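# Observations on the model geometry
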Amino acid sequence: MISREEVEHVARLARLTFSEEELVRLQQELGKIIGYINQLSQLDLSGVEPTFHAVRLINVLRPDEPQPGLTQQEATANGPVVEAGQFVVPRIG
Amino acid sequence: MTGLTESADCAVQQNQGGLDVTKLTAFACRELLASGEVSAVELTRAYLARIAAVEGAVQAFLLVDEAGALAAAQAVDAKPRQERGPWEGVPIALKDILCVKGVETTCASRILKGYVPPYDATVVARLRQAGLIFLGKLNMDEFAMGSSTENSAFKVTRNPWDLERVPGGSSGGSAACVAASEAPWALGSDTGGSIRQPASLCGVVGLKPTYGAVSRYGLVAFASSLDQIGPLARTVRDAAALLELIAGRDPRDSTSVGLPEPVGLPEREDLKGLKFGIIKEFGEGVCQSEVLEVFGRAVAAIEHLGGNCEEVSMPSLERGLAAYYIIAPSEASSNLARFDGVRYGYRAPGCQDLYEMYVRTRSEGFGPEVKRRIMIGTYALSAGYYDAYYAQAQRTRTLIIREFAEAFGRYDFLISPTSPTVAFRIGERVADPLAMYHSDLCTIPVNLAGLPGLSLPAGFAQGLPVGLQIIGPHFSERRLLNAAYAIEQALAVEVAAPVERLAAEEANL
């Protein structure tokens, strides 16, 4: 149902990596799950509008008034590496 | 955990004074506080003592905030009684998916270990405002993905009716904690059945409100078009009161609209003139025969109360599970992209560049089921598959919504068993994701359609609880809870699990 290459491609898209053992199991499990959900692709649903939210709301607005938000200290308090009020990350590859 | 011994002693004295928390509903707590029979500190200590006594067996909590709870209770006691709100001083416990300012919130995931939210979820702020006492944070399946709470990165919660069985999930800690009388009530969240299924398996009342009735602000997002926060409680009246406390429009959640009318105190005594449709597709061949026997007795009780029951066929619901396992993972793969090791939570050490940091942080931080769902969602949304899977699932969703709308033209409520089976054994379904997914067969269509659904304890099969699911039209919570109240009074099912006896038996083995 799903090839080894596809599993590896999807993993790259999802920013995940798997051991050899995990990949073998995942290919099998995803194959079964995709086989199950595949029943929908066989239905003729042309002309049926897709639903994205069950309770339809359009243009929800609130008054455009400034409200106090988090302070910089609060916003960065959970950062794994923070310097001078900013999140620090490794260099881009 | 120091101080628990002291509070345990204190509660023993309280017990001698007649305060047995296994007998208390939230309304009873409220009355004891209002009459001055107990103080908020005494009540909180009694629950902390109960937690200390049974938590070793149940394992419902990820964090017990003894100091925070006692400080909040002291603040309530310091206020003159006539100046207090009706629920001030009543304890509650919260699923660890809800942000509480200053209290670690992990979603039972390693990737959020140590995360301390700088703000309260809206529901938490509302309960804080109402003066409720937060006992702690409850175990769950990681990021609410699961039906047994076995996907928690930290511990396995056990069913208070049989310690070798799962409590259901993902709000398994919430359901187990209420069944074990560790809190009078709790909050959970429900994306595909995560309040109702564990409520059913643990024999308590669980309500998933209409999508939009309750703000999702501060609820860690799983599938945003399906997620809804709701109460787990011992009684329908407690569930109604807790819903009233948390429901309402919130400018911070643009999908929240609140409820059109106050829920009030459910007091209906009969079901005369009400029509119930029994969903045929969730009957024989899908549910265990013992579950259907208990369900049949609930149907008889509904008819005895004057309700009219007849079978209704809703064939599109059979596609619900497949649609859900496209929609929910798709939304999850997008929502969980935020866990990248930059702003909060876990970061893999020693990474050379940004890409490596993303990949290693996520691969080390997420558990197997979360990764599985991110993979399914990423696959379903990826180029070339979007129309075959995601768009097709959203069209199936439209058909399910239409079928519910048609059924509600003929029936006031729809009913089915909440879960096809009673609580299964720990470990039984871990190796088979599809078998686990089937646990939510009867509850998932309700989320897809955004409807309110309630699980009511209906009785026992093999000594294990069975839940009756009652589904109503959008925003029908008031009527739904009134009908559930009438059925609850007629069935009179015991909700306090005999945890102490089970734990003692286990110790003697």
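Everything discussed here concerns the structure shown above.
Described in the following lines is the structure provided in the data block. Since the model is a prediction, treat every value here as computed from it, not as a measurement.

Within chain B, the regular secondary structure consists of 17 helices and 11 strands. Against the compact-globule benchmark of 23 Å for 509 residues, chain B has a radius of gyration of 22 Å, which places it among compact chains. Its C-alpha atoms put chain B at 70 × 65 × 55 Å along the principal axes.

Turning to the overall build of chain A, a few remarks are in order. For chain A, the helix and strand inventory stands at 3 helices and 2 strands. Since a compact globule built from 93 residues should have a radius of gyration of about 12 Å, the 23 Å found for chain A marks it as more spread out than a globular shape. Its C-alpha atoms put chain A at 50 × 45 × 20 Å along the principal axes.

Before going further, it helps to examine the pairing of strand 6 (residues 228–233) of chain B. All names here are of chain B. For strand 6, the tally of buried residues reaches 6 of 6 residues, placing the bulk of the element in the interior. Inspection of the sheet shows strand 4 (residues 185–190) paired to strand 6 by 6 bridges, in the antiparallel sense. Its bridge partner lying in strand 6, alanine 186 is registered against leucine 232. Bridge count between strand 5 (residues 205–208) and strand 6: 2 bridges; the pairing is antiparallel. By the bridge assignment, glycine 206 is partnered in strand 6 with leucine 232.

Turning our eyes to something else, we now look at the interface of chain B and chain A. Every contact between the two is made by 57 residues of chain B and, on the other side, 42 residues of chain A. Every element with two or more residues in the side of chain B that touches chain A is listed here: helix 10 (320–335), helix 11 (354–365), helix 12 (368–381), helix 13 (387–410) and helix 14 (433–437) of chain B. A per-element tally of the side of chain B that touches chain A places helix 13 of chain B first, with 12 residues. A class-by-class count of the residues in the side of chain B that touches chain A yields 31 nonpolar, 17 polar and 9 charged.

Moving on, we come to the sheet that holds strand 5 of chain B. Each strand in a sheet pairs with its neighbour through backbone hydrogen bonds, running either in the same direction (parallel) or in the opposite one (antiparallel). Residues and elements named next belong to chain B. Strand order in the open sheet made by the 11 strands is 1-3-2-4-6-5-10-11-9-7-8, with mixed pairing throughout. Each edge of the open sheet is held by one strand with a lone partner, namely strand 1 (61–64) and strand 8 (308–312). Across the sheet, the axes of successive neighbouring strands diverge by a mean angle of 30°, strand direction being ignored. Each of strand 7 (275–279), strand 8, strand 9 (413–417), strand 10 (453–461) and strand 11 (464–471) is contacted by helix 9 (residues 289–304), which is oriented at about 115° to strand 10, the strand it contacts most.

This part is about the environment of valine 446 of chain B. All names here are of chain B. You can see valine 446 is positioned in helix 15 (residues 444–448). Taking the C-alpha atoms as reference, valine 446 lies 11 Å from glutamine 228; in sequence the two are 218 residues apart. When residues no more than four places from it in sequence are discounted, the contact partners of valine 446 are Lys208, Leu451, Gly453 and Ile471.

The subject of this paragraph is the pairing of strand 11 of chain B. Residues and elements named next belong to chain B. Judged by how many residues are buried, strand 11 sits mostly within the fold: 8 of 8 residues are covered. In the sheet, strand 9 pairs with strand 11 via 4 bridges, with the strands oriented antiparallel. Bridging from a neighbouring strand, proline 417 pairs with leucine 468 of strand 11. Of the strand pairs in this sheet, strand 10 and strand 11 are connected by 8 bridges, and their pairing is antiparallel. Across the sheet, alanine 461 pairs through a bridge with leucine 464, a residue of strand 11. What sits between strand 10 and strand 11 in their antiparallel hairpin is a turn of 2 residues, with glutamine 462 showing a positive phi close to 50°.

Under the 1.5 Å per step criterion, the end-to-end length of helix 13 of chain B is 34 Å for 24 residues, consistent within 8% with the ideal 34 Å. Listing the buried residues of helix 13 of chain B in full gives Tyr389, Tyr390, Gln392, Ala393, Gln394, Thr396, Arg397, Thr398, Leu399, Ile400 and Phe404 of chain B. Each element contacted by the buried residues of helix 13 of chain B is listed here: helix 2 (20–37) of chain A together with helix 10, helix 12 and helix 15 of chain B.

Residue and element names in this part refer to chain A. Helix length check: helix 2, at 18 residues, gives a terminal C-alpha distance of 26 Å against a target of 26 Å (1.5 Å per residue), a fit within 8%. Every buried residue belonging to helix 2 is among Leu26, Glu29, Leu30, Ile33, Ile34 and Ile37, and all of these are buried. When helix 2 is viewed along its axis, its buried side chains cluster within an angular range of 135° and face the same direction. Opposite the buried face of helix 2, at more than 90 degrees from it, the exposed residues are Glu20, Glu21 and Gly35.

Side chains of a nonpolar character, in soluble globular proteins, are inclined to be buried together. Residue and element names in this part refer to chain B. Of all hydrophobic cores here, the largest spans 188 residues; its most connected members are Ile92 and Ala186. For this core, the element with the most residues is helix 3 (residues 40–58), which contributes 11 residues. Sequence-distant contacts of isoleucine 92, defined by excluding residues within four places in its chain, comprise Leu127, Leu132, Ile133, Phe134, Leu135, Ala183, Trp185 and Ala186.

At their nearest, the axes of helix 2 of chain A and helix 12 of chain B sit 11 Å apart, and the two run at 55° to each other. When the axes of helix 2 of chain A and helix 12 of chain B are compared, the pair comes out oblique. In this structure, the crossing between helix 2 of chain A and helix 12 of chain B has a hand that is right-handed. Across the interface between the two elements, Leu26, Glu29, Leu30 and Ile33 of chain A of helix 2 of chain A pack against Arg372, Met375 and Ile376 of chain B of helix 12 of chain B. Along the lines of polarity and charge, the residues of the contact of helix 2 of chain A with helix 12 of chain B split into 5 nonpolar, no polar and 2 charged.

Residue and element names in this part refer to chain B. In this structure, serine 170 follows glycine 169 across a cis peptide bond, with omega equal to 10°. Tracing the chain through its elements places serine 170 in the loop between strand 3 (133–138) and helix 6 (172–179). The phi dihedral of cysteine 107 is positive, around 55°, even though this residue is not glycine. With respect to the secondary-structure elements, cysteine 107 resides in the loop between strand 2 (91–95) and helix 5 (122–129). Judged by C-beta crowding, with 30 C-beta atoms within 10 Å, cysteine 107 ranks as buried. The backbone of phenylalanine 475 sits at a positive phi, close to 60°, despite the residue not being glycine. Summarising the element assignment, phenylalanine 475 is placed in the loop between strand 11 and helix 16 (477–491).

Calculation rules
- Numbers given for residues are sequential positions, taken from 1 along each chain in its written order.
- Here chains are named by letter from A upward and ligands by number from 1 upward, in the order in which they appear as written.
- The predicted origin of the model limits local features to residues at a pLDDT of at least 70 and limits the giving and counting of side-chain atom pairs to 80 or more, whereas totals for whole chains, interfaces and linings rest on all residues.
- Counting from the N terminus, the helices are DSSP H or I runs at least four residues long and the strands are E runs at least two residues long.
- Our radius of gyration looks at C-alpha atoms and nothing else; its globule reference is 2.2 Å times the residue count to the power 0.38.
- To assign burial, the other C-beta atoms lying within 10 Å of each residue's own C-beta are counted, with C-beta atoms placed from the backbone; 20 or more indicates buried, 12 or fewer indicates exposed, and intermediate counts indicate partly exposed.
- Any two strands between which DSSP finds at least two bridges are classified as paired.
- Working definition of a contact: two residues with C-beta atoms, positioned from the backbone, lying within 7 Å.
- Each residue is assigned to one class: nonpolar for Ala, Val, Leu, Ile, Met, Phe, Trp, Tyr, Cys and Pro, charged for Asp, Glu, Lys and Arg, and polar for all the others, Gly among them.
- Only C-alpha atoms enter the line fits that serve as axes; for helices the fit covers just the stretch in contact. Angles between N-to-C directions range over 0 to 180 degrees.
- What a helix is expected to span follows from its residue count: subtract one and scale by 1.5 Å.
- Comment: arc refers to directions from the helix axis out to C-beta atoms.
- We define a nonpolar core as a collection of buried residues of the types Ala, Val, Leu, Ile, Met, Phe, Trp, Tyr and Cys that are connected via C-beta atoms lying within 7 Å of each other.
- Roughly parallel covers angles under 35 degrees, roughly antiparallel covers those over 145, roughly perpendicular covers 65 to 115, and oblique covers all other angles.
- Helix crossings get a hand from a simple test, with the near helix turned counterclockwise from the far one by less than a right angle marking a left-handed crossing and a clockwise turn marking a right-handed one.

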